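Coordinate analysis (summary)
Chain by chain, the residues:
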Amino acid sequence: MSQSVPEPSSLRADRITMAYQDRIIGEDLSVDIADGRFTVIIGPNGCGKSTLLRSLSRLLRTRSGTVYLDGKDIHRSRAQDVAGRLGLLPQTAIAPPGITVFDLARRGRYPHQSILSRWSAQDEAAVHRALAQTEMTELADRPVDELSGGQRQRAWVAMVLAQESSILLLDEPTTFLDVAHQISLLDLFAQLNSDEGRTTVAVLHDINHAARYADDIIVMSHGRIVAHGPPVDVLTPELLAEVFGVEAVVIDDPVNGGPHIITRHRTRIPASVAPTREEAP
Amino acid sequence: MSPLLSRDHGAVTLRTPAVSGRMSTRALVACVLLLAATAATTLLALMTGKVGYSPGEVLAALVGDAPADVELFVVRWRLPRAVAAVTFGAVLGVAGALFQCVTRNPLGSPDIIGFSAGASAGGVAAVTLIGSSFAVVAAGTLIGGLLVAALIMLLSRGGGTGGFRLVIVGIGLSAMLVSVESWLVLTADLDVAQVAALWSVGTLNGTSFTHSGIAMALGIAAVVAVIVLLSRRLTLLDLGEDLSGALGADPLRTRTVAVLAGVLLIAIVTAAAGPIAFVALAAPHIGRRLAGMAGVALVPAACTGAFLLALSDFVAQHALPGRMLPVGVVTVAVGGLYLITLIVRENRKGVL
C-alpha cells in the first residue's frame, strides 16, 4: 500500500500576508509543515485557520511572501502538478444531487488524467484503494445524499485520498459529526499518516482531539501563529487562557498519554470569539 | 492486461494504452436510444411532404441511387433542413448545459438569462442596418451575445456564485433587448422588416447547405470540442469553487471559457436559423434525467437537443396542413409548458 504515496514533499510559507480584497487576515506569517507528520491547526473562530489552508493550497494568492511546495513557488507551478502533490478537503465542497460515492471518488483523479487518458488502470486502482481505506467499498454505488453524515464525510475523504497526494490538507473534517464518527475519522487520518507517511494537516476545533492525534500543533490567534510544536510543549494553561480565554487545567491523559485539557470556566470572551461571521468570506 | 472494454459499477470502460474513458451504462443506453429516435424522426421528415416516399426510396436517394426527382426532393430540399434541425438542436443542448452548470441553476439557460436575446437583437440589428448575408448576421449575433455576456457579468458582479442574481439580471436585460429589437423592426423598411421579423422567430424554412452549411459544420466542430475539452473541468466546478481549484482546475477560468463557448454556440445557431427558444433550457435537464447522471451532462444534452429540435421541426412542417410554421413557434409552445413545470417544481424544492 505504501507505493501509493510518492516521496514526501515539503510545504512551507515564508512571510506571507493573506487578505481578501481589503481585509487583511494575517500578516508576515511563516510556517514549516513537518514532512510525514500529523499537524493540527487550532485557534478561535475567525483567527485565519481556513485562510492559512487556502493559502498553503494555492487557492488564495498571497498579498506578499511566498508559499513553497518542494522548494518551488506554488504559484509558479502548474495547478494540475500542485494538485497531484497536495490535496485539500475544503468545508465548501458540494455533492451534485444524486452523485454516487464511486463517481465522487473518481473525480479526485483529475490531476492524474488528461484529455485522452480519462480512466486509466491506475485511476481505477487508486479509487478502489481509497474506497477500501475509508471502508466505503460496500456503499460505492449509493448516492451520496442518501448517506448518514459520517458516511458522507468518508465519501469526501475517499475522493481526496484517490488524489494520491503526498500532502493532505483537511479543513474541519470532523465538524457536524457525532463523537463516534469524529473518532473513527481521526483514527483513519492517523493511520494513513503513520502507515504511508502522508503529511497531514487538519483544522480541528476540539483541543483534546488535537492533543491526542497531533504530532505537532499550530495555534493561531488574530491571524498570527502563536505556537507551533508537539502538544506537550504547546498546550499550557497560559496559552489556553491567552488564545481561547479559558481557564484550564492540563493533566496527563490517563488512557492515551499526552496532555488532556479540562476547562474550569470561561474567564473572558476574546474579540475573535465574539459572534462575528465565519472566517471564510 | 485488462480487456479493451469492461464493465463495473454500472458503467462501461474503454481502455487502450493511449486513450481511456468511462461512461455509465444507463447514460450510454439513453444516448443510443435518443440518437435512434432522432434518426427515425429524420427519416420520417425525409419521407413526408407534398410528395411521399418510402424508406427504401429515401435511403436510395441518400446514397445517390435514385431517380432525379426523388433526389431533388429528398437530398436537395428536405435533407439540409433535417440535418440543420439535428445539428442545431445538439448545439443548443450543449450551450444550455454550459450555462446551467456555470450558473448552478436550471433556469440559467441562454433563453432566460438574455444571451439568446442579445444574439437575436444583434442579428436583427445586422439585418435591418447592414444586410442579411450569413457573415453579417453571424457577426451581429456574436457581437450581440458577447456584449450581453459582458454586461450580465458586470451587473451581477458580487452576486456570489449562486447564479441567482445572474438569472434575475438576465431576465431584466432580456426584456430590454426585446424592445430594442421591436424598435429596429418598426423603423426599418417594410421588406427588410419582414425578413428580420421572420428571422427573429427562429425558423429552418428554406434552409440550404449553401447558406447554412458553414454553421452546421462549425456547430458540430464546436460541440465536439466543448465535450472533449471542457466536460471534465465542468464536473469539478459542480463540486464547488474551492475543491475545483484544489483539484487543479481554476474555477474562474473554467467559468470564463464555458461562458465564451456557450455564447459562441448560441451565435452559430442564431445566425443561421434565428433565435430558436427553449431547446437550450429543456434539453440539458431532460438529458440528465434520462441518463441518470449527477451534475453537468454534455453528451446527453446534445443527444436530447438533437431529438427535440428534429421532432419540433417535423411538427412545425406538418402540424397545419399546407402551412409550414417556423420551428421557433413550436419550441416556444412546448418550452413554455416545460418552463411552467420547472418553476413549479423548483419552487416546491425552495430553490427559487
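Residues numbered from 1 in each chain as written. Chains lettered and ligands numbered in written order. Predicted model: local features only at pLDDT ≥ 70, side-chain atom pairs only at ≥ 80, totals over all residues. Heavy atoms only, no water.

Thoughts on the layout of surface pockets
Of the volumes computed, that of the second largest pocket is approximately 1200 Å³. Considering the residues around the second largest pocket, the lining is formed by 46 residues, among which R106 of chain A together with R22, M23, S24 and M293 of chain B are closest to the centre. Elements supplying a minimum of two residues to the lining of the second largest pocket: α3 (101–107) of chain A together with β2 (11–15), β3 (20–24), α1 (25–47), α8 (209–237) and α12 (298–318) of chain B. (1 Å grid on protein atoms, 1.4 Å probe; cavity = no way out; pocket = protein on both sides within 12 Å on 5 of 7 lines; lining within 4 Å. Points joined across faces, edges and corners; volume = space filled by probe spheres on them. Helix = DSSP H or I, 4+ residues; strand = E, 2+ residues; numbered from the N terminus.)

Description of the confidence of the model for chain A
Residues and elements named next belong to chain A. For chain A, per-residue confidence averages 89 on the pLDDT scale, and residues scoring 70 or more make up 91% of the total. Summarising per-element confidence for chain A, the mean pLDDT is lowest in strand β12 (residues 259–266) (82) and highest in strand β3 (residues 38–42) (97). Residue range residues 274–281 is modelled with pLDDT below 50. Its contacts to residues more than four positions away, or to other chains, number 12 contacts. (pLDDT = per-residue confidence, 0-100. Contact = heavy atoms within 4.5 Å.)

Some remarks on the sheet that holds strand β1 (residues 5–8) of chain B
Residues and elements named next belong to chain B. Sheet architecture is open: three strands sit in the order β1-β2-β3, paired in antiparallel fashion. Every interior strand has two partners, whereas the edge strands, β1 and β3, have only one. Sheet twist, expressed as the mean angle between neighbouring strand axes with direction ignored, is 20°. Where β1 meets β2, four bridges bridge the pair, whose relative direction is antiparallel. By the bridge assignment for β2, D8 is matched with A11. (Pairing = 2+ DSSP bridges. Axes fitted to C-alpha atoms, helices over the stretch in contact; angles between N-to-C directions.)

Thoughts on the sheet that holds strand β6 (residues 86–89) of chain A
Strand pairs in the sheet, formed through backbone hydrogen bonds, run parallel or antiparallel to each other. Residue and element names in this part refer to chain A. With mixed pairing, six strands are arranged side by side in an open sheet as β6-β7-β8-β3-β9-β10. This sheet does not close on itself; its edge strands, each paired only once, are β6 and β10 (224–229). On average, adjacent strands in this sheet sit at an angle of 15° to one another, irrespective of strand direction. By the bridge criterion, four bridges tie β6 to strand β7 (residues 167–171) in an arrangement that is parallel. Paired with G87 across the bridge in β7 is L168. Those strands touched by helix α5 (residues 149–162) are β6 and β7, and its axis lies near 165° from that of β6. In the packing of helix α9 (residues 237–244) onto the sheet, contacts are made with β3, β9 (216–221) and β10, and the angle to β9 comes to roughly 35°.

Considering the pattern of salt bridges
This model, assessed by the stated rule, comprises 16 salt bridges over all chains. Between E164 of chain A and R109 of chain A there is a salt bridge; the shortest N-O distance is 3.2 Å. Of this pair, E164 of chain A sits in the loop between α5 and β7 while R109 of chain A is found in the loop between α3 and α4 (121–133), placing the two residues 55 residues apart along the sequence. In this structure E164 of chain A comes out as buried when scored by relative accessible area, which is 14%. By relative accessible area, R109 of chain A is classed as buried at 2%. Note that E241 of chain B and R255 of chain B form a salt bridge whose closest N and O atoms lie 2.8 Å from each other. Note that E241 of chain B is positioned in helix α9 (residues 241–246) and R255 of chain B in helix α10 (residues 251–273), a separation of 14 residues in sequence. Salt bridges sharing partners connect three or more residues here, namely R109, D123, R129 and E164 of chain A. (Salt bridge = Lys/Arg side-chain N within 4 Å of Asp/Glu carboxyl O. Buried < 20%, exposed > 50% of the residue type's maximum accessible area, 1.4 Å probe, protein only.)

Focus on the pairing of β3 of chain A
Residues and elements named next belong to chain A. Within β3, five of the five residues are buried, leaving the element largely enclosed by the surrounding structure. Of the two faces of β3, both are covered, the one formed by F38, V40 and I42 as well as the one formed by T39 and I41. In terms of strand pairing, β3 meets strand β8 (residues 199–203) through four bridges, oriented parallel. Within β8, the residue paired with V40 across the bridge is A202.

A short note on the packing of aromatic side chains
Per the stated rule, a full pass over the model turns up four aromatic pairs over all chains. When the ring of F102 of chain A is compared with that of W119 of chain A, the centres are 6.1 Å apart and the planes differ by 75°; the resulting orientation is edge-to-face. A residue pair is termed long-range when its members are at least 10 positions apart, and F102 of chain A in helix α3 and W119 of chain A in the loop between α3 and α4 qualify at 17 residues. Between the aromatic rings of F99 of chain B and F115 of chain B, the centroid separation amounts to 4.4 Å while the plane-to-plane angle is 20°, which identifies the pairing as stacked. Linking F99 of chain B in helix α3 (residues 68–103) with F115 of chain B in helix α4 (residues 115–129), this pair joins segments that are 16 residues apart in sequence. Neither residue differs from the other here; F99 of chain B and F115 of chain B are each classed as buried. Within the aromatic cluster, the residues linked to one another by ring pairs are Y53, F73 and W77 of chain B. Residue placement shows R106 of chain A over the ring face of W119 of chain A; its charged tip is 5.2 Å from the ring centre. (Phe/Tyr/Trp six-rings, centres within 6.5 Å; stacked < 30°, edge-to-face > 60°. Lys NZ or Arg CZ within 6 Å of the ring centre and 35° of its normal.)

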